[in-house]
Amino acid sequence: MARARSEERRAEILAAALTVIAERGYRGATLGAVAERVGLSQQGLLHYFPTKEALLVAVLEDRDRWDTGGGAARGGGAWRPDLLASLVEYNAMRPGVVQTFSALLGESVTEDHPAREFFTTRYVQVRADMAASLRAEYGEVLPGGLTPERAAVLMVAVLDGLQYQWLLDPSAVDMPAAFRDFLELLEGPGAAGRAARRDGEAGTRD
């Protein structure tokens, strides 16, 4: 029971940290502000996360656990592109999490930011995961002529770039629809017909 309470409190702290970082950025966020959100003293917070950097890493890992660069992709088989589209739809339902991630990503490009190493390593892994997804779907060459590795760079850029555009103007940018449009571009001419045939085959199997 004590362990369950500890895990629940830890989850509350991570949720509060997400909110504070989204509002203030990492450099503007303080352990005191996070502690106040969950009704703890700063000393009490340090029992769960001994440093601000440790809390940052936990926030990023928690977010990534359910996303394209997280544990579901690593070692668990390549994501199919249609499942990636579902993940984009899921992200569109949690703007606070996307906002925090995007704020940290933007800050991490500075030399001394504590999230820089995390994101650098993450992008290496995510590009590899995306290339594996594309190779499983299309083979060694995509319909448009790109290799999976070259297309993976573009896919990651679209995923993260769409998040920034959507956060700034959600009424003008339909993030899930735009990502599906990008998948059609990867498939090249005739993508709509191929998608319809796949849907028909799936319906027949069902």
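Residues numbered from 1 in each chain as written. Predicted model: local features only at pLDDT ≥ 70, side-chain atom pairs only at ≥ 80, totals over all residues. Heavy atoms only, no water.

## Notes on the overall build of the protein chain
To keep it simple, the criterion reads: Each helix corresponds to a stretch of at least 4 residues labelled H or I by DSSP, and each strand to a stretch of at least 2 residues labelled E; elements are numbered beginning at the N terminus. Relative accessibility decides the category of a residue: with a 1.4 Å probe and only protein chains considered, values under 20% of the type maximum give buried, values over 50% give exposed, and everything between is partly exposed. The contact criterion used is simple: two residues touch if any of their non-hydrogen atoms lie within 4.5 Å. Only the protein chains shown count as cover for residues, and all accessible areas are computed by the Shrake-Rupley method using a 1.4 Å probe.
Of regular secondary structure, the protein chain possesses 10 helices and 0 strands. The N-to-C order of helical and strand elements in the protein chain reads α-α-α-α-α-α-α-α-α-α. Across the 206 residues in the protein chain, those meeting the buried criterion constitute 39%. Of the contacts made within the protein chain by residues no fewer than 6 positions apart, 61% connect residues no fewer than 24 positions apart. Split by element, the accessible area of the protein chain, about 11200 Å² in all, is 55% carbon and sulfur.

## Regarding the pattern of salt bridges
Close approach of charged atoms allows side chains of opposite charge to pair. Filter applied, for reference: By convention in these notes, a salt bridge is any Lys or Arg side-chain nitrogen within 4 Å of a carboxyl oxygen on Asp or Glu.
Applying the stated criterion to the full structure yields 7 salt bridges. A salt bridge links Asp112 to Arg27, with the nearest nitrogen and oxygen atoms 3.2 Å apart. In this pair, Asp112 sits in the loop between helix 6 (95-107) and helix 7 (116-138) while Arg27 sits in helix 1 (residues 2-28), placing the two residues 85 residues apart along the sequence. Note that Glu140 is salt-bridged to Arg135, the shortest N-O span being 2.9 Å. When its relative accessible area of 51% is taken as the criterion, Glu140 is described as exposed. On the accessibility criterion, Arg135 (28% relative accessible area) is partly exposed. Each member of the salt-bridge network shares a partner with another, and the members are Arg135, Glu140 and Glu149.

## Some points on the nonpolar core
In a soluble, globular protein the nonpolar side chains are often hidden away together inside. We apply this condition: In this text, buried Ala, Val, Leu, Ile, Met, Phe, Trp, Tyr and Cys residues form a nonpolar core when linked through side-chain atoms within 4.5 Å.
Ranked by size, the top nonpolar core spans 54 residues in total, and within it Leu55, Met155 and Phe179 carry the most contacts. Going through the elements one at a time, helix 1, helix 2 (31-37), helix 4 (52-64), helix 5 (81-91), helix 6, helix 7, helix 8 (148-168) and helix 9 (175-187) are the ones with two or more residues in this core. Residue contacts for Phe179: discarding those within four places in its chain leaves Pro81, Leu84, Ala85, Val88, Met155, Val158, Leu159 and Leu162.

## Side note on the packing of aromatic side chains
To be explicit about the condition: In summary, the pairing rule links any two rings of Phe, Tyr or Trp, Trp by its six-membered ring, whose centres are within 6.5 Å, and it sorts them by plane angle into stacked for under 30 degrees, edge-to-face for over 60 and tilted for everything else.
Applying the stated criterion across every chain yields a total of 3 aromatic pairs. Ring centres 5.4 Å apart and planes at 70° place the aromatic pair Phe101 and Phe119 in the edge-to-face group. A residue pair is termed long-range when its members are at least 10 positions apart, and Phe101 in helix 6 and Phe119 in helix 7 qualify at 18 residues. Since its relative accessible area comes to 3%, Phe101 is described here as buried. Pairing Phe179 with Phe182 gives two aromatic rings, centres 6.3 Å apart and planes at 35°, and the pair type is tilted. Of the two residues, Phe179 and Phe182 both sit in helix 9, 3 residues apart, roughly one turn of that helix. The residues Phe179 and Phe182 share a single accessibility class, namely buried.

## Examining helix 8
The condition that has to hold: Expected helix span is computed as 1.5 Å times (number of residues minus one). For this quantity, the arc is that covered by the directions from the helix axis to the C-beta atoms.
Between the first and last C-alpha of helix 8 there are 30 Å, a value that for 21 residues agrees with the 30 Å anticipated at 1.5 Å per step. Three or more residues of helix 8 are buried, namely Pro148, Ala151, Ala152, Met155, Val156, Leu159, Asp160, Leu162, Gln163 and Trp166. The buried residues of helix 8 occupy an angular sector of 160° when projected down its axis, which confines them to one face. Turned more than 90 degrees from where helix 8 packs its buried face, Arg150 and Leu168 sit exposed.

## Section: the packing of helix 8 against helix 9
As a reminder of what qualifies: Think of each axis as a best-fit line through the C-alpha atoms, taken over the contacting stretch in the case of a helix, with angles from 0 to 180 degrees between the N-to-C directions. Should an angle fall under 35 degrees it is taken as roughly parallel, and over 145 as roughly antiparallel, whereas 65 to 115 is taken as roughly perpendicular and any remaining angle as oblique. In this scheme the handedness of a crossing depends on how the near helix is turned from the far one: anticlockwise by less than a right angle means left-handed, clockwise means right-handed. Each residue is assigned to one of three groups, with Ala, Val, Leu, Ile, Met, Phe, Trp, Tyr, Cys and Pro labelled nonpolar, Asp, Glu, Lys and Arg labelled charged, and all others, Gly among them, labelled polar.
Between helix 8 and helix 9, the shortest axis-to-axis distance is 10 Å and the interhelical angle comes to 160°. By the criterion of interaxial angle, the relationship of helix 8 to helix 9 is roughly antiparallel. Pair helix 8 / helix 9 crosses with right-handed handedness. Within the contact between the two elements, helix 8 uses Ala151, Leu154, Met155, Val158, Leu159, Leu162, Gln163 and Trp166 and helix 9 uses Met175, Ala178, Phe179, Phe182, Leu183 and Leu186. When its residues are assigned to classes, the contact of helix 8 with helix 9 shows 13 nonpolar, 1 polar and no charged.

## Remarks on empty space enclosed by the protein
Note the cut-off: Here a cavity means grid points, on a 1 Å grid over the protein atoms only, where a 1.4 Å probe fits yet cannot get out; a pocket means an open set of points with protein on both sides within 12 Å along at least five of seven lines; lining residues are those with an atom within 4 Å of a point. Grid points are joined across faces, edges and corners, and a volume is the space filled by probe spheres set on the points.
Per the stated rule, a full pass over the model turns up 3 cavities of 30 Å³ or more. Each pocket or cavity is described by its volume, and for the second largest cavity that value is around 70 Å³. Lining the second largest cavity are Ala17, Ile21, Tyr26, Ala29, Thr30, Leu31, Val34, Lys52, Leu55 and Leu56. Elements with a contribution of two residues or more to the lining of the second largest cavity: helix 1, helix 2 and helix 4. A class-by-class count of the residues in the lining of the second largest cavity yields 8 nonpolar, 1 polar and 1 charged.

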